[in-house]
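Working through the structure, step by step
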Amino acid sequence: MGTELHELLRSLRVWAPEATELPPFDPATAPGDPLELFTRWFAEAVAAGQTEPHTMSLATSDAQGLPDSRIVMLHGADADGWSFATHAGSRKGRHLAARPYAALVFYWPVLGRQVRVRGPVSVAPAAEAHADLHARSTGAVAAALTGRQSEDLESPDALDRASRAAWERAGREPDVPVPTWTLYRLLPDEVEFFQGDARRRHVRLAYRRAGDGGWGTRLLWP
């Protein structure tokens, strides 16, 4: 089995020309604020047909400092930070309560790009979490109502019953409150933009927040 996996891995290509365009990136032309460059790159990923460009890896650590990561959805990005949501009692919610610092990674292989973000995380007001949830689909509300995220599941039937009840309630009460649903904001103190290059001369531009709240930049070796 290990040999089969090894051979399969060796058969795969990264950034195959038929699926990926590696655009040039001149860091000298980058704006002074990383949010502006992120917005530009995000729009270009959407235009290039990147599947689910708003999904990102969220890395947290528990009270003992042990790391964990998962894929979540970006809910927004502005001067207040990059936002995402989950139940406060979920594993990531408990991690953030113990250690309110996290890292995000976006990967857009269609353009050979990734963006890494890290910084302290704060909790948005409950009214904003409510508005954010109810701006989404009925399915998103039903999933939030199902709750108990990260807890042990007794059986698939238990999930089916809870989900059916949640869907019915979401349809019946479109503005139903979900008290545990929490909107988090990561205010970055570091943002890195990575542009792949066919000759492996990748461009890495790192922004770091300065003491006055502005940004400084530096290039990193690939």
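Bear in mind the structure is a predicted one, so any value in this text is a computation, not a measurement.

1. What to know about the overall build of the protein
On a plain count of helices and strands, the protein comes out with 6 helices and 10 strands. Counting only C-alpha atoms, the protein reaches 55 × 55 × 40 Å along its principal axes. Taking all 222 residues of the protein together, 36% fall into the buried category. Sequence separation of 24 or more characterises 63% of the internal contacts of the protein that already satisfy a separation of 6 or more. When the accessible surface of the protein is totalled, it reaches about 13,200 Å², and 54% of it is carbon and sulfur.

2. Section: the pairing of strand S6 (residues 113-123)
Sheet analysis places strand S5 (residues 101-108) next to S6, joined by 8 bridges and oriented antiparallel. What sits directly across from Trp108, in S6, is Arg113. Adjacent in sequence and paired antiparallel, S5 and S6 are bridged by 4 residues, among which Gly112 carries a positive phi angle near 65 degrees. Direction of pairing for S6 relative to strand S8 (residues 190-195): antiparallel, over a ladder of 6 bridges. Among the inter-strand pairings, Val117 is bridged to a residue of S8, identified as Val191. Strand direction decides the pairing type here: S6 and strand S7 (residues 181-186), joined by 3 bridges, are antiparallel.

3. A word on the packing of aromatic side chains
Taken as a whole, this structure holds 12 aromatic pairs when the rule is applied. Taking 5.2 Å as the distance between ring centres and 75 degrees as the angle between the ring planes, the aromatic pair formed by Phe25 and Trp41 counts as edge-to-face. With Phe25 in the loop between helix H1 (2-11) and helix H2 (34-47) and Trp41 in helix H2, this pair connects stretches of sequence that are 16 residues apart. Its relative accessible area of 2% is what places Trp41 among the buried residues. Members of the aromatic cluster, joined through ring pairs, are Phe25, Trp41, Phe193, Tyr207 and Trp215. Sitting above the plane of the Trp41 ring, Arg113 keeps its charged end 4.1 Å from the centroid.

4. Concerning the packing of helix H5 (residues 138-146) against helix H6 (residues 156-172)
With their axes 8 Å apart at the nearest point, H5 and H6 run at an angle of 130 degrees to one another. The orientation of H5 with respect to H6, classified from their angle, is oblique. Seen along the crossing, H5 lies across H6 with a hand that is right-handed. Along its contact with H5, which presents Thr138, Gly139, Val141, Ala142, Leu145 and Thr146, the element H6 presents Leu159, Ala162, Ser163, Ala166, Trp167, Arg169, Ala170 and Gly171. Here the residues of the contact of H5 with H6 sort into 8 nonpolar, 5 polar and 1 charged.

5. Description of helix H4 (residues 126-134)
All of the buried residues in H4 are Ala129, Asp132, Leu133 and His134. Where H4 is buried, its residues touch strand S4 (81-87), H5 and S7.

What counts and what doesn't
- Residues numbered from 1 in each chain as written.
- Predicted model: local features only at pLDDT ≥ 70, side-chain atom pairs only at ≥ 80, totals over all residues.
- Heavy atoms only, no water.
- Helix = DSSP H or I, 4+ residues; strand = E, 2+ residues; numbered from the N terminus.
- Buried < 20%, exposed > 50% of the residue type's maximum accessible area, 1.4 Å probe, protein only.
- Contact = heavy atoms within 4.5 Å.
- Areas by Shrake-Rupley, 256 points an atom, 1.4 Å probe, with all protein chains shown as cover.
- Pairing = 2+ DSSP bridges.
- Phe/Tyr/Trp six-rings, centres within 6.5 Å; stacked < 30°, edge-to-face > 60°.
- Lys NZ or Arg CZ within 6 Å of the ring centre and 35° of its normal.
- Axes fitted to C-alpha atoms, helices over the stretch in contact; angles between N-to-C directions.
- Parallel < 35°, antiparallel > 145°, perpendicular 65-115°, else oblique.
- Left-handed = near helix turned anticlockwise from the far one by under 90°.
- Nonpolar A, V, L, I, M, F, W, Y, C, P; charged D, E, K, R; others polar.

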